[in-house]
Amino acid sequence: GRNVVFGVNANDDIFYRAGITGENPKGTQWVVVGGKLSQIDVDGNSVWGRNSAYKVFNLHTSCKGDPTLSSWEQYGTKLARVAVGKLGVYAVSGNDDIFTWKAGSTVWSQISGKLKDISVGGTKIWGVNSADSIFYKTL
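To start, this report covers the structure provided alongside it. Everything quoted here is computed from the prediction, not taken from an experiment.

## Section: the sheet that holds strand 4 (residues 39-43)
Piece 1. What the four strands build is an open sheet, ordered 4-5-6-7; its pairing is antiparallel. The open sheet is flanked by strand 4 and strand 7 (71-74), the only strands paired with a single partner. With direction set aside, neighbouring strand axes in the sheet form an average angle of 25°.
Piece 2. Sheet analysis places strand 4 next to strand 5 (residues 46-50), joined by five bridges and oriented antiparallel. Considered in strand 5, the bridge of Gln39 is made with Arg50.

Structure follows, in structure tokens:
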């Protein structure tokens, strides 16, 4: 897989770590990427995030080139957290509703359950509910 690291700061500025290789896992520098996000998640070549207005965006790049030359495309609104992994893209709303984005779709699809936070990793989707209980689902 690709060694890709993105992050956001308190001003919602977006950065990626340039120069990460097997020989140089720390990379060489942080590089500013255009746009503003409050939260970001990355899996391989897929970069998704949410801005302070709770709008979700996807970075259209292969991450093989220069992410600073890439563009963000909006994928819905009013979602509190977005997570991406090999299993797909998932998000939760401010009302703890759970959604997934299917490739080729034009809308988020709601799925059953309530979570305030969500993460996708390996073959599992992890979540935390309003009582701070942790759940996972294996797909």
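## Quick notes on the nonpolar core
Piece 1. Grouped together as the largest cluster of nonpolar side chains are twelve residues: Val4, Phe6, Ile14, Tyr16, Ala18, Val31, Val33, Leu37, Ile40, Val47, Phe57 and Leu59.
Piece 2. When contributions to this core are tallied by element, the ones reaching two or more residues are strand 2 (13-18), strand 3 (29-36) and strand 6 (56-60).
Piece 3. When residues of this core are assigned to their parent elements, the largest contribution, three residues, is made by strand 2.
Piece 4. In this structure Tyr16 touches Val5, Phe6, Gln29, Trp30, Val31, Val33, Asp66, Pro67 and Thr68, once residues within four positions along its chain are discounted.

## Considerations on the packing of aromatic side chains
Both the distance between ring centres and the angle between the ring planes are used here to describe each pair of aromatic rings.
Piece 1. Under the defined criterion, the tally for this structure stands at six aromatic pairs.
Piece 2. Ring pairs connect the aromatic residues Trp48, Tyr75, Trp101 and Trp108, which therefore count as one cluster.

## Remarks on the side chain of Arg17
Piece 1. Along the chain, the position of Arg17 falls in strand 2.
Piece 2. Excluding anything up to four places from it in sequence, Arg17 contacts Val5, Lys26, Gly27, Thr28, Gln29 and Trp30.

## Some details on the environment of Asn3
Piece 1. When you line up the elements, Asn3 lands in the segment before strand 1 (6-8).
Piece 2. Sequence separation between Asn3 and Thr21 is 18 residues; the distance between their C-alpha atoms is 6.8 Å.

## Concerning the pairing of strand 5
Piece 1. Taking burial as the measure, the five residues of strand 5 include four buried ones, the bulk of the element.
Piece 2. Between the antiparallel neighbours strand 4 and strand 5 lie two residues, among them Gly44 with a positive phi of about 60°.
Piece 3. Sheet topology places strand 5 next to strand 6; three bridges connect them, and they run antiparallel. From the neighbouring strand, Gly49 faces strand 6, where its bridge partner is Phe57.
Piece 4. In sequence, strand 5 turns back onto strand 6 through a hairpin of five residues, with Tyr54 there showing a positive phi of about 65°.

## A look at unusual backbone geometry
Piece 1. Even without glycine at this site, Asp12 takes up a positive phi of about 70°.
Piece 2. If you trace the backbone, Asp12 turns up in the loop between strand 1 and strand 2.
Piece 3. Assessed through its relative accessible area of 17%, Asp12 is described here as buried.
Piece 4. Although it is not a glycine, Asp96 sits at a positive phi angle of roughly 70°.
Piece 5. Inspection of the secondary structure assignment puts Asp96 in the loop between strand 9 (88-92) and strand 10 (97-101).
Piece 6. Looking at Asp96, the relative accessible area reads 17%, which means it is buried.

The rules we used
- Residues numbered from 1 in each chain as written.
- Predicted model: local features only at pLDDT ≥ 70, side-chain atom pairs only at ≥ 80, totals over all residues.
- Heavy atoms only, no water.
- Pairing = 2+ DSSP bridges.
- Helix = DSSP H or I, 4+ residues; strand = E, 2+ residues; numbered from the N terminus.
- Axes fitted to C-alpha atoms, helices over the stretch in contact; angles between N-to-C directions.
- Core = buried A, V, L, I, M, F, W, Y, C linked by side-chain atoms within 4.5 Å.
- Buried < 20%, exposed > 50% of the residue type's maximum accessible area, 1.4 Å probe, protein only.
- Contact = heavy atoms within 4.5 Å.
- Phe/Tyr/Trp six-rings, centres within 6.5 Å; stacked < 30°, edge-to-face > 60°.

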